[in-house]
Amino acid sequence: MNLSLVDPFILAQDCPETLTGKLRSGSSSQIRFNYRGDLLASGRTDGIISIFDTETCGVARKLRGHTAAIATLSWSKDGRYLLSAGSDCKCVLWDLQDGSRLRTVRFEALIYTAELHPSNHFLFAVSLLSAPALLVDASAEIPKKHALPLKLLQPGRREEDGSKKAAKPHTTAAAFINSGDYLLTATSQGRLNIISTASCEAVLSFQLSSAPITTMRLTNSGRAVAVNSADRVVRTLHLPDFSDEKLDVGNLRLEVEHKFQDVVNRLRWNYVSLSPTGEYVTASTGDNHDIYVWERGQGSLVKILEHSKEELYTVEWHPNKPLIAAAGSESGRIYLWSIVAPQRWSALAPDFVEVEENVEYIEREDEFDIQPLETLHKRRLDAEDEDVDVLTVEPPKAGGSEWEGAFKMPVLLDIEDSDSEDEIEAVGAGQYRRKSPGRNKEWMEGGSGDEKKVNGTAKANGTKRRRGD
Amino acid sequence: MLDDERSPKRRRSPDGYIETNGDGTHFELAERPAPLSGETGTPRHDQLDEDQYAHTFYRGERDGSRSHETSTPASQSVPPEEQTFTPPPEKPTALHYRPKLIMRGHKRAVSAVSFSPDGRWIASASADATIKIWDAKTGRLEHTLEGHLAGISTIAWSPDSTTLASGSDDKSIRLWDVDKVGCPVPHPVPLLGHHNYVYSLAFSPKGNMLVSGSYDEAVFIWDIRSARIMRSLPAHSDPVGGVDFVRDGTLIVSCAGDGLMQLLTCLSHSRIWDTATGMCLRTLIHSDNAPVTSVRFSPNGKYVLAWTLDSSVRLWNYVEGRCVKTYQGHKNERFSLGGAFGTYGDVANPHAFIASGSEDGSIFLWDVSSKNVLQRLEGHDGPVMGVHTHPSERKLVSGGLDKTVRVWVSDDAGPAEEEISANGVNGHQDHPVKEET
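Fair warning: this is a prediction, and the values are worked out from it, not measured in the lab.

*Asks:* For the overall build of chain A, give the residues involved together with the corresponding values.
*Replies:* When helices and strands are tallied, chain A shows five helices and 30 strands. The proportion of buried residues among the 469 residues of chain A is 51%. Of the contacts made within chain A by residues no fewer than 6 positions apart, 47% connect residues no fewer than 24 positions apart.

Spelled out as structure tokens, the structure:
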């Protein structure tokens, strides 16, 4: 509802520019926004999952169940269920209504990725180290696991001999495409496969890169995919609408749309992701503190997000705001880049208008006529004859932040007790300070000096350590 | 407890918290600052309007439609096949609320009343430093919440109806777990930070944030989970009278203007804030410059309703920054009165009315578009401080300086309502349902 009042110039900006805040709860290794964008799940190296409320920048819930660092997180579309995979070789399906563990599924190997089916929260795809990827149906207490193929099985063609290679090929990433009828998987041989969810059979397979694919991310609409491969090239592909009945998946030809790389420094990309509309591609860089932002339409580098002071791993776009979150690999802090809107002074002074250039004022015919107050009052009251509708609620625009009837996570009031292991606490939107015994009082000294606090605490908890050269 | 010679600005203690005297047993309970002489004020009870629901409503002359379809239940029972070719039911020109329950128990003036969002409870806050939770159907007193050290000016329900927030003259905001069976206890961590009386509270639609307006001129947004100030809005240079959240939580409106003390004539305005950035997006100011004491977003979030001390309630189109309606007829010159939006007419296609208290002891119900007074409810003995509408039923609750909380039901409510009112007073106006002394 604020959109009608916000400066359209600010609204037109869709790419974050400045570091606006940091979040911290333990040492975060993996982050993921929910589809609605009001919660940010953060998997920590100690196995705890902290759920941040992106509005308050505070921890909304903590989930304990993993014993080792979290590898991936995946939300259900309604935001009620969260799937987490840990380095302890298990996946946990959480119900955020009460924070309970709905299912725990153990695997024989380390888990690369685990992705929830968009509509069926009991179905998820898991890619494992040195083992076939699995489609897991956890609707029953004992989950059913179906192995997913590595490539297209074509009758009449001889199976390639996998024993020639030293490392056994395996799936490195798996994700559902839009409606969940098809899975997109990436392999350590650089192939992309499209697999039918119903039959667990590959319907399309093609070579994308000669090097292993490390990360793969789709937009929420499922129409674009960004793939990071070990040859230090980020590729983007445009996907057809898989919900289209007439689509012949078997005869699809997928072309690489853009290749992004740093030719000079040969930077390694840690993680890639796409903006919600698929317009931008972001990648965090290895041995470097920056996030590169490319524009997908032209294929050009548009921005480098800096000032994180440490190497970043996971990069995530907020689903409907120009906001990028990235987890630092050393401190485990979550950095937020966003757009800073300046205060329009005319908003505070209703009698004034901001104009671009001088405007000649033309006075109204009766502007300076002297009239009795009663007449003016009466005239004003009589002029209020329009029909006013205070009840009809406009349906939210597509992609808006307003989802009526969607799942609302209960607000826990005693979350602070469980957050005591952190030596640093949030005092505002992305503002931090060290915990001190006399808290609740100290902010009073500053008065409205919010600015001071930002600078002051940036130093206090500053990351002075530099990565060793 | 407030007098004109003591400016509250001078009373602000350096550490920002209360000047309590240890045990708090003989702490003088703070009256809400507004009702200075509320207890002694001469109640103006209009004897002419004794026969409540026969004469008190004012028929909208402007509509010209002197409809005698006062018995809307009959018109509602028209078979659907007949309605298909008849025009939509005519807009009623009067409402027929009648008193149903009178709840007594507060020892001092009632400052705010509110239905819980699920409609089960009524919470009433009082200058006697207690909150009472009443059953909305029977009027039975369920709980008395004690913990504040001074009079309570405002209460707000969380959207899930499990938590009640209260703002008090002891400068603290407390949260109460109302959901638990048994006696609700205050949440252990009160929200501390205001330097002066807390006047107004509102929950965000998700229930994760609380906005508070205080006499110390500040507007704070609180993170409910950690009980900390998330953002401080450099809002006003006068005590903040009212705050509210828009229905999707992206906007906050606050108003100020020293409306409660009348010490200064000053800037009086409402401001619209962006929740996410804390930026002021719009300032609304009326040329009459009357102090604004209370604000509320319309149910669809497109308008802002503001109560001003020139006996007017104004509806603003905040996008265009224009006052679209002025509702008058009531008396509001000293107190911070409250009110609410309600609906009437056809259930499927309702019309909206605005309910507000008045300092002459009545409750005014205006039609939003025509500005006509649909009904004037008499019963309170002294200024009516708070009026709230039931979230789903055609019911009103009001509280006033006469220490009572009253529930009013509409005759248009239909037959389902009748059996419930069998528990009530059924028209006997002054029959106390719950007496607590």
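Resuming the write-up.
*Asks:* I'd like to hear about the UniProt feature "repeat: WD" (unreviewed entry) in chain B, residue by residue, with values.
*Replies:* Cross-referencing UniProt, the feature "repeat: WD" (unreviewed entry) maps to residues 103-144, 145-179, 191-232, 285-326, 353-376 and 377-408 of chain B in the present numbering. Segment residues 353-376 of chain B splits into 0% helix and 62% strand. End C-alpha atoms: 12 Å apart.

*Asks:* Residue-level account of the environment of Val243(B), with values.
*Replies:* Residues and elements named next belong to chain B. Within the secondary structure layout, Val-243 lies in strand β13 (residues 240-245). The class of Val-243 is buried, set by a relative accessible area of 4%. Placed 24 residues apart in sequence, Val-243 and Val-219 show a C-alpha to C-alpha distance of 8.1 Å. Setting aside residues up to four positions removed in sequence, Val-243 forms contacts with Ser-200, Leu-201, Ala-202, Val-211, Ser-212, Gly-213, Val-219, Val-253, Ser-254 and Val-295.

*Asks:* Run through the pairing of strand β23 (residues 280-285) of chain A, naming residues and quoting values.
*Replies:* Side-chain direction in a regular strand flips from residue to residue, so the side chains alternate between the two faces of the sheet. Residue and element names in this part refer to chain A. When you tally the buried positions in β23, you get six out of six residues, the bulk of the element. On β23, burial covers both faces: Tyr-280, Thr-282 and Ser-284 on one face and Val-281, Ala-283 and Thr-285 on the other are all buried. Note: strand β22 (residues 269-274) against β23, five bridges, orientation antiparallel. Within β23, the position partnered with Ser-273 by the bridge is Thr-282. Connecting β22 to the antiparallel partner β23 that follows it, the hairpin turn spans five residues, and Gly-278 within it adopts a positive phi of roughly 80°. In textbook terms, the turn of a hairpin is the stretch between consecutive antiparallel strands, and for β23 and strand β24 (residues 291-295) this stretch comprises five residues, one of which, Asp-287, has a positive phi near 55°.

*Asks:* Before we move on, can you summarise the nonpolar core with the specific residues and values?
*Replies:* Leu192(A) and Met216(A) are the most contacted members of the largest nonpolar core, which has 22 residues in total. Among the secondary structure elements, those contributing two or more residues to this core are β14 (171-177), β15 (182-187), β16 (191-196), β17 (202-207), β18 (213-218) and β19 (224-229) of chain A. The contacts of Met216(A), once residues within four sequence positions are left out, are Ala173(A), Ala174(A), Ala175(A), Leu184(A), Thr185(A), Ala186(A), Leu192(A), Val225(A), Ala226(A) and Val227(A). Within the second largest apolar cluster, 21 residues are counted, among which are Val388(A), Leu305(B), Phe335(B) and Val368(B).

*Asks:* Residues and numbers for the confidence of the model for chain A, please.
*Replies:* All names here are of chain A. On average, residues of chain A score 76 in pLDDT, and 79% of them reach the 70 mark or higher. This model gives residues 156-166 a pLDDT under 50, and the stretch forms two contacts once residues within four places in sequence are excluded. In the predicted structure, residues 417-422 sits below a pLDDT of 50 and forms 15 contacts with residues beyond four places in sequence or in another chain.

*Asks:* I'd like a description of the pairing of strand β6 (residues 70-75) of chain A, backed by residues and values.
*Replies:* Residue and element names in this part refer to chain A. Within β6, six of the six residues are buried, leaving the element largely enclosed by the surrounding structure. By the bridge criterion, five bridges tie β6 to strand β7 (residues 81-86) in an arrangement that is antiparallel. Bridge pairing links Thr-72 to Ala-85 in β7. With antiparallel pairing between neighbouring strands as the criterion, β6 and β7 make up a hairpin whose turn holds five residues, including Gly-79 at a positive phi of roughly 80°.

*Asks:* How would you explain a negative patch on the surface if you had to name every residue and give the values?
*Replies:* A surface patch of negative charge is lined by Glu363(A), Glu365(A), Asp366(A) and Asp369(A). On the secondary structure map, Asp366(A) appears in the loop between α2 (345-348) and α3 (373-383).

*Asks:* If you had to explain a nonpolar patch on the surface to someone new, which residues and values would you point to?
*Replies:* Residue and element names in this part refer to chain A. A grouping of Leu-110, Tyr-112 and Leu-129 is seen on the molecular surface, where their side chains present a nonpolar patch of about 230 Å² in accessible area. With respect to the secondary-structure elements, Leu-110 resides in the loop between β9 (100-106) and β10 (111-116). Exposure remark for Leu-110: the relative accessible area of 40% places this residue in the partly exposed category.

*Asks:* Account for the pattern of salt bridges, naming residues and giving values.
*Replies:* By the definition in use, this model includes 20 salt bridges over all chains. The closest approach of N and O atoms between Lys395(B) and Glu393(B), which form a salt bridge, is 3.4 Å. Among the residues examined, Lys395(B) registers a relative accessible area of 1% and is labelled buried. Measuring nitrogen to oxygen at the nearest pair gives 3.5 Å for the salt bridge that ties Arg406(B) to Asp402(B). Judged by its relative accessible area of 6%, Arg406(B) falls in the buried class. For Asp402(B), a relative accessible area of 16% corresponds to the buried category. Through salt bridges with shared partners, a single network forms among Arg32(A), Glu115(A), Arg217(A) and Glu316(A).

*Asks:* Break down the sheet that holds strand β7 (residues 163-168) of chain B for me, with residues and values.
*Replies:* Residues and elements named next belong to chain B. Strand order in the open sheet formed by three strands is β6-β7-β8, and the pairing between neighbours is antiparallel. At either margin of the open sheet sits one strand with a lone partner, and together these are β6 (152-157) and β8 (173-177). If you compare each strand with its neighbour and ignore which way they point, the axes differ by 20° on average. As defined by bridge partners, β7 adjoins β8 across five bridges and the pair is classed as antiparallel. When the bridges of β8 are listed, Ala-165 appears paired with Leu-175.

*Asks:* Talk me through the sheet that holds strand β22 (residues 351-357) of chain B; I want residue IDs and the actual numbers.
*Replies:* Residues and elements named next belong to chain B. Spatial ordering of the open sheet is given by β21-β22-β23-β24, a layout of four strands whose pairing is antiparallel. Both outer strands of the open sheet, β21 (339-344) and β24 (373-378), are each paired with one neighbouring strand and no more. On average, each strand axis in the sheet is inclined to that of its neighbour by 25°, with strand direction left out of account.

Definitions and cut-offs
- Residues numbered from 1 in each chain as written.
- Chains lettered and ligands numbered in written order.
- Predicted model: local features only at pLDDT ≥ 70, side-chain atom pairs only at ≥ 80, totals over all residues.
- Heavy atoms only, no water.
- Helix = DSSP H or I, 4+ residues; strand = E, 2+ residues; numbered from the N terminus.
- Buried < 20%, exposed > 50% of the residue type's maximum accessible area, 1.4 Å probe, protein only.
- Contact = heavy atoms within 4.5 Å.
- UniProt positions renumbered as here; feature names shortened; annotations may be inferred.
- Pairing = 2+ DSSP bridges.
- Core = buried A, V, L, I, M, F, W, Y, C linked by side-chain atoms within 4.5 Å.
- pLDDT = per-residue confidence, 0-100.
- Patch = residues over 30% accessible without salt bridge, like charges linked within 9 Å, V, L, I, M, F, W, Y side chains within 5 Å.
- Areas by Shrake-Rupley, 256 points an atom, 1.4 Å probe, with all protein chains shown as cover.
- Salt bridge = Lys/Arg side-chain N within 4 Å of Asp/Glu carboxyl O.
- Lys, Arg positive; Asp, Glu negative; His and termini not counted.
- Charge placed at Lys NZ, Arg CZ, Asp CG, Glu CD.
- Axes fitted to C-alpha atoms, helices over the stretch in contact; angles between N-to-C directions.

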